[in-house]
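# Structure at a glance
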Amino acid sequence: MTGNITLKTTWGPFSPNYLGISHILNEQSGAMADMPIYIGRKNPATIMLPDSAFDYIQSGTDGNRRATVNAIPEDVATDYSAFSLRYFMDQAGDTAVARFTVESPERARCEITFQNTSDEEREYFYGLGITVNDDSKKVLLKESLRPWWLAAKNYQSIQAYQKTFALGCRQCLTRIYLWGIEDEVLAQAFGGWAEDCVTYKTHLPDSLQDGFLYFRYIKYGDLNPAWELRINGKPTTFHFPQTWAIPGGGWGKNRDSYEYWRLLRVPIGCLPAGENTLELRCLEAPGNDMARIWLDGMLFHEGLLPGDAGEVSPTSLVDQELRANAFVRKALDVPNSFDVVLPDQAPRRVKVSMESEPASVECGTGSFVAHLRDRMHLPAARLPRDTTVCPWGAMESAAVTVAPKSERTISFTISWDGAAEEVTKRESTPAPVHFERPYAELAARMADALLFNVNYPLRLFGNPSPYYVPAKYFPIPYSWDGGLAAVGLAAIDPDLALQQATYFMADEEHDFPMIYCGSPVPTPLYALWDWYQSTQDLNGLAKAYKGAKRMYDFYLGRTPGSLVNHNDEGFLSTYAYNYNLGIDDHPIQRWAEDCHLTSKGLYSLILMPQILRLAGIMRNIAILLGHGSDAEQFRKDAALLAGNIESRMWDEESGLYGWARRTERGVEPVIFQGSAGDRSACAFLPLFAGLTAHKDRLITQMMDPDRFNTPFGISSVDMLAPSYNPQGYWNGGIWPVLQWFLWRGLLEAGEPKLARQVAETILKTWQHFLKTEHYLGEHFMIAPEQMNGAPNFGGLSAVLLPMHAAYFAPYQVTALYDVVILKKSVNRTDDAISLTLSTLGPTSDTHDLLINMGCGKTLYAVTLDGQPHGEFVSDENGHLSLNLRRASGLQEVAIQPATKNS
């Protein structure tokens, strides 16, 4: 079901706040205990806190978005039955590895290995915290107010915004799940677009003689347009005072915003009892996503609320304090044990059996991390942490002495509700994903980070669910990052990849076509196709098809409320909802917003080639499933989009594709800094879409070391452009996801050698900084040469996994997008592989196929439809790059060592 991922485990790294292990206590309510682990060394003194953010900060002036990485995940099993955390005492010296193994549904074991790299004996210590949260609590309205409350999600009709996406632009799920009012969990977000209008109908129990309407809201952005409220046709104009504003891009705007809700009191005069109609719209809307109102609900009332003597606060609506109501206390009768008290549930007991007696056992309230910082005389965290989980318990070990140049392993177990002391280790525990050949360390750590970045719980349309985030402390499942995370998962765990891709596809009973938060690009559809190419599972594809089609159809204007496809002309824009991709500071995009072009029709080179590529993917899927009429529609979509891109977005003078906009004269090129071509790497995205008419001019510029091609990867912006910023975010940084687009584009353009060069350059860059700084970040800054962005990042960077697999994973097959792998058979004993392909697209007479075999520097014989095609020598890692003729029907490919034929 939409919004649910099934991991079949109650143990895992599920906390967004802490590094450690979590245990789900109640799968119906979502109650969970977190057991953060911290590591210390006594001399020289150091402490590695379990704070998952690592004091990560973002500077709006110099582009620096750095963290000091104190810990990284390692060896994460895909079913979360085992995983490790490596803590760095310093950047080049001592480490401690905490290895967690699930032994039963109620018992887990931890082994900590301290490594002393010095010539002296050293003492270490470790500590374990116990915190608990229960998100099932419902914050109830005061009884007297309930008949007068109108939840914002209970609309009769809505234009242009919320109905089309589900979660809304930059919707704050943190607020929703920490204190929603009763069960009203989908607040409305609107106000940036002129057509936004929401209509509600409500039944008032009595008449109002001198009434007021209280809006409970958050305002994002510092713009202050007028709003119009119409009740039974009578208009009232008002303004929403500013609550909180963080201009520009970045994740901070979503963080902990539930602290900033306020009530606005608008006089509405007399209202009759019975049904009343309310309309709300923004007047003179700015036409972008820089001014949004997140509206939770409206309260009809006369005068001030009871008990208020002036300024009204959100807490005056409810009958109890807005705080956690689950807590931890020390068990007095059993050593090293704590009782966990949950609302409306029997108490739970957890016992920690440590190798040595703990030096201290304590309980407290407030922030656990703040307590550790205070006790260790560390500065306060620069970001608010775990402000809603309290009280807590903790225990800390006695000194662990380790001899010079050696290591020592200690262990402890965590047992819930009297779990047996002696438990046989689970036989089903799988080994972590294993990688071989070059860049294996990078691939392994990227897979670990991708799997580790799973949080719990998120309740949307069913039971509490795990959800994957770009980095551990992100509060919401961004669909743009999430789809690309599923692309990465397809390279290591196809089942999880399918769950993650379909997570964002709304079920048919919902009136929106997708679950969306972040940038509105349907990247889950890339993952769905990669999943099929890996599994050849038609049944699974058939189950996902309806949701995938609804998601795609939104971008062609074929779902209610979609404003993307203007007059069905094939010019696509999502600026009615949000910018067209997560490229926050793209030079043209920011300039166009400043010039108010987004409200008039701005067609970006970021969005349109991607939807063209997805039209081809959907055509492939429809053909496979026998949906002939759908396949024909997708073909027409592709032809329309391709024609528009070639005729309106190609600039002959610069030899680059560019953006377009709508004027009174029609659709015209966007001229920015004297050029109609986009001097960013987005100019090469049509190659990704399969448009190769201008490939030579594009590739010449892409590979020019003075302009785009650096030793670290392809710059996101032309380094000779006036807008280039070597310390930029997207405006000058090097991003793995852009390298993935370009890598796939070069393959589509018939340039496999250049494609491999792009792939290996980004893999080399990320592996180097993983080794030197333990850093897996979002992007790389060209000057200074450093990894940047969120640490242990598994979102957009997950695409490094299929890039690595294409050249180094044994028996991996990478085909062009319009080449369908219908059947794949591998004989590892004989080092042979056979494929059945369907080449659906007429783009060229040949197609390139990347295949990895088992042996390097080996002569392989290739047969095509039973006839010899030639002999080819694999590289030192077993990789073959084959150029094959296209067939009108099915194509049979067989590869085996040449000696097998003799």
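Look up: the structure comes first, before these words.
Residues numbered from 1 in each chain as written. Predicted model: local features only at pLDDT ≥ 70, side-chain atom pairs only at ≥ 80, totals over all residues. Heavy atoms only, no water.

## A few points about the overall build of the protein
This is how the line gets drawn: By the criteria applied, helices consist of DSSP H or I runs no shorter than four residues and strands consist of E runs no shorter than two, each listed in order from the N terminus. Contacts are assigned to residue pairs that have any heavy atoms within 4.5 Å of one another. Throughout, the Shrake-Rupley method with a 1.4 Å probe supplies accessible areas, and for residues the shown protein chains are the sole cover considered.
Each helix and strand in the protein was counted, giving 16 helices and 45 strands. In the protein, the share of contacts with a sequence separation of at least 24, taken over all contacts with a separation of at least 6, comes to 71%. Here the protein has roughly 31800 Å² of accessible surface; of this, 49% comes from carbon and sulfur atoms.

## Side note on the pairing of strand 42 (residues 859–864)
The test is simple: For two strands to count as paired, DSSP must find a minimum of two bridges between them.
Pairing analysis gives six bridges linking strand 42 to strand 43 (residues 867–873), with the strands arranged antiparallel. Considered in strand 43, the bridge of Leu859 is made with Val873. Linking strand 42 back to strand 43 in an antiparallel pair, the connection comprises two residues, with Asp865 at a positive phi of about 55°. Here strand 42 pairs with strand 45 (residues 890–897) via five bridges, running antiparallel. Across the sheet, Leu864 pairs through a bridge with Val893, a residue of strand 45.

## Details of the sheet that holds strand 33 (residues 666–669)
The three strands are arranged 29-32-33 in an open sheet whose pairing can be described as antiparallel. What marks the edges here is a single partner per strand, and that holds for strand 29 (602–603) and strand 33. Inspection of the sheet shows strand 29 paired to strand 32 (residues 660–663) by two bridges, in the antiparallel sense. Bridge pairing in strand 32 links Tyr603 to Ala660.

## Quick word on the packing of aromatic side chains
Keep this limit in mind: The rule is short: rings of Phe, Tyr and Trp, with Trp giving its six-membered ring, pair when the centres are within 6.5 Å, and they are stacked under 30 degrees, edge-to-face over 60, tilted in between. Exposed residues in this analysis have more than 50% of their type's maximum accessible area, buried residues have under 20%, and partly exposed residues fall in between, with area computed by a 1.4 Å probe over protein chains only. Whether a charge sits over a ring comes down to the Lys NZ or Arg CZ being within 6 Å of the ring centre and within 35 degrees of the ring normal.
The final tally for this structure, using the stated rule, is 38 aromatic pairs. Look at Tyr526 and Phe741: their rings are 6.5 Å apart centre to centre, the planes differ by 75°, and that puts the pair in the edge-to-face class. Here Phe741 lies in helix 14 (residues 736–748) and Tyr526 lies in helix 7 (residues 524–535), a separation of 215 residues in the sequence. Note on accessibility: Tyr526 and Phe741 belong to one class, buried. Through a chain of ring-to-ring contacts, three or more aromatic side chains come together here, namely Phe215, Tyr217, Trp227, Phe238 and Phe240. Lying across the ring of Phe212, Arg265 places its NZ or CZ 3.8 Å from the centre. Over the ring of Phe452 we find Lys472, and its NZ or CZ is 4.9 Å from the ring centre.

## Things to note about the environment of Ser838
Along the chain, the position of Ser838 falls in strand 40 (residues 832–839). For the pair Ser838 and Leu624, spaced 214 residues apart in sequence, the C-alpha separation works out to 9.9 Å. Not counting chain neighbours up to four residues away, the residues in contact with Ser838 comprise Asp818, Val819, Val820, Leu822, Gly889 and Leu890.

## Topic: the nonpolar core
Side chains of a nonpolar character, in soluble globular proteins, are inclined to be buried together. Spelled out, the test is: Side-chain atoms within 4.5 Å link the members of a nonpolar core, which is a set of buried Ala, Val, Leu, Ile, Met, Phe, Trp, Tyr and Cys residues.
Counting 233 residues, the largest nonpolar core has Ile112, Phe114 and Trp740 as the members making the most contacts within it. Listed in part, the 37 residues of the second largest apolar core include Leu150, Val198, Phe238 and Leu278.

## Digging into helix 11 (residues 628–648)
For clarity, the threshold we go by: Expected span of a helix, by definition, is 1.5 Å for each gap between consecutive residues, and there is one gap fewer than residues. Note that the arc is defined by the directions from the helix axis to the C-beta atoms.
Between the first and last C-alpha of helix 11 there are 30 Å, a value that for 21 residues agrees with the 30 Å anticipated at 1.5 Å per step. Taken residue by residue, helix 11 has Asp630, Ala631, Phe634, Asp637, Ala638, Leu641, Ala642, Asn644 and Ile645 as its buried positions. The buried residues of helix 11 occupy an angular sector of 160° when the element is viewed end-on, so they sit on one face. The inward-facing, buried residues of helix 11 contact helix 8 (538–555), helix 10 (608–625), strand 30 (650–651), strand 31 (656–657) and helix 12 (685–688).

## A short note on the pattern of salt bridges
Filter applied, for reference: Salt bridge, as applied in this entry: a Lys or Arg side-chain nitrogen positioned within 4 Å of an Asp or Glu carboxyl oxygen.
Applying the stated criterion to the full structure yields 35 salt bridges. Arg109 is the partner of Glu111 in a salt bridge, and the nearest nitrogen-oxygen pair spans 3.6 Å. Glu111 sits in the partly exposed class, given a relative accessible area of 31%. With relative accessibility at 27%, the residue Arg109 sits in the partly exposed group. A cluster of three or more residues bridged by salt bridges with shared partners is formed by Arg41, Asp90, Asp94 and Arg122.

## Points about the sheet that holds strand 39 (residues 819–827)
Rule in force here: Lines fitted to the C-alpha atoms define the axes, with helices restricted to the stretch that makes contact. Angles between their N-to-C directions range from 0 to 180 degrees.
The five strands are arranged 39-40-45-42-43 in an open sheet whose pairing can be described as antiparallel. Two strands lie at the open edges of the sheet, namely strand 39 and strand 43, each paired on one side alone. Within this sheet the neighbouring strands show an average axis-to-axis angle of 20°, counted without direction.

So yeah, pure geometry; function would need other evidence.
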